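Tertiary structure, described
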Amino acid sequence: MRLLFQTSDEDDFFGGFRDFFDSGTWFVIRNLLLFLVVVFWLATAYWVFKDARRRIRDRWLVAVATLLGLVPFLGAVIYMLFRPPEYLDDVRERELEIKEMEERLGRSDLRCPVCRAEVDASFLVCPVCTTKLKQACAGCKAPLDPLWQICPYCETPIETPASLEIGDSWEATAPPRRERRKR
Ligand SMILES: [Zn+2]
Ligand SMILES: [Zn+2]
């Protein structure tokens with residue numbers, strides 16, 4: 001340094017620098033910086049591990065991703081380029097939704113003719129709007145299909161007409177009930 005910078009002013013200036021770099025302060029700062037760099041490196045590796053666990057099902061692939069994350073700084077960037085786009089939780093949730101939708105489509109979709117609330121085939125009235133949906137058997141109180149002429153559970157003949165209009169409309173596939181009865 002002394003050879004390069006001849007003028008006394010510069011000499012003092014850079015001499016000051018040299019003293020600074022020789023001093024304990026610089027030693028502390030340098031160690032602190034190194035420490036921060038190491039912490040940052042470990043933090044990125046840990047982040048890669050955590051993120052990979054949420055996105056990758058296979059444990060070995062998570063381990064590989066974590067190893068990649070341990071490559072200082074570049075590893076995390078490379079991981080981000082190749083990681084699966086979705087969280088496992090999201091994938092699972094979507095699969096559940098699809099399954100639920102399929103089940104809903106598979107079910108015979110019975111709805112109240114008045115309020116369109118979902119009703120069960122065994123309901124006598126709509127629980128939402130209290131519309132009468134089916135007649136109950138006089139003998140055993142079982143819900144009766146509008147087409148039935150006798151209760152299949154207790155053999156009681158069905159005499160009073162079931163709540164026909166509603167019954168016909170909410171089971172669109174049923175043939176007109178009255179014609180059947182006349183036979
Ligand atoms: Zn209803
Ligand atoms: Zn009955």
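The following refers to the structure shown. As the structure is a computational prediction, the values presented were derived from the model and not from experiment.

Here we look at the overall build of the protein chain
When you go through the protein chain residue by residue, the secondary structure sums to seven helices and two strands. Shown N-terminal to C-terminal, the secondary structure of the protein chain runs as helices and strands in the order α-α-α-α-α-β-β-α-α. When the 183 residues of the protein chain are sorted by exposure, 11% land in the buried category.

Quick look at unusual backbone geometry
For Phe-73, which is not glycine, the phi torsion reads 65° and is therefore positive. One can find Phe-73 in the loop between helix H3 (59–70) and helix H4 (74–82). A residue is classified by how many C-beta atoms lie within 10 Å of it, and Phe-73, with 13 of them, is partly exposed. Look at Lys-141: it is not a glycine, yet its phi comes out positive at around 70°. Relative to the elements of secondary structure, Lys-141 occurs in the loop between strand E1 (135–136) and strand E2 (143–144).

Observations regarding helix H5 (residues 88–106)
With 19 residues, H5 ought to run about 27 Å at 1.5 Å a step, and its terminal C-alpha atoms sit 27 Å apart, in line with that. The buried fraction of H5 amounts to zero of the 19 residues, a small share that puts the element mostly on the outside.

Structural notes on the nonpolar core
Ranked by size, the top nonpolar core spans six residues in total: Ala-45, Val-48, Ala-52, Ala-65, Ala-76 and Tyr-79. Elements that contribute at least two residues to this core include exactly helix H2 (24–55) and H4. For this core, the element with the highest residue contribution is H2, accounting for three residues. When neighbours within four sequence positions are excluded, Ala-52 is seen to be in contact with Val-62, Ala-65, Thr-66 and Arg-83.

A look at the packing of H3 against H4
Their axes nearest at 6 Å, the elements H3 and H4 cross at an angle of 140°. Considering the angle they form, H3 stands oblique to H4. On H4, the residues that touch Ala-65, Leu-68, Gly-69 and Leu-70 of H3 are Gly-75, Ala-76, Ile-78 and Tyr-79.

Here is what the cut-offs are and how they apply
Residues numbered from 1 in each chain as written. Chains lettered and ligands numbered in written order. Predicted model: local features only at pLDDT ≥ 70, side-chain atom pairs only at ≥ 80, totals over all residues. Helix = DSSP H or I, 4+ residues; strand = E, 2+ residues; numbered from the N terminus. Buried ≥ 20, exposed ≤ 12 C-beta atoms within 10 Å, placed from the backbone. Expected span 1.5 Å × (residues − 1). Core = buried A, V, L, I, M, F, W, Y, C linked by C-beta atoms within 7 Å. Contact = placed C-beta atoms within 7 Å. Axes fitted to C-alpha atoms, helices over the stretch in contact; angles between N-to-C directions. Parallel < 35°, antiparallel > 145°, perpendicular 65-115°, else oblique.

Scope: geometric values only; no functional claims are made or implied.
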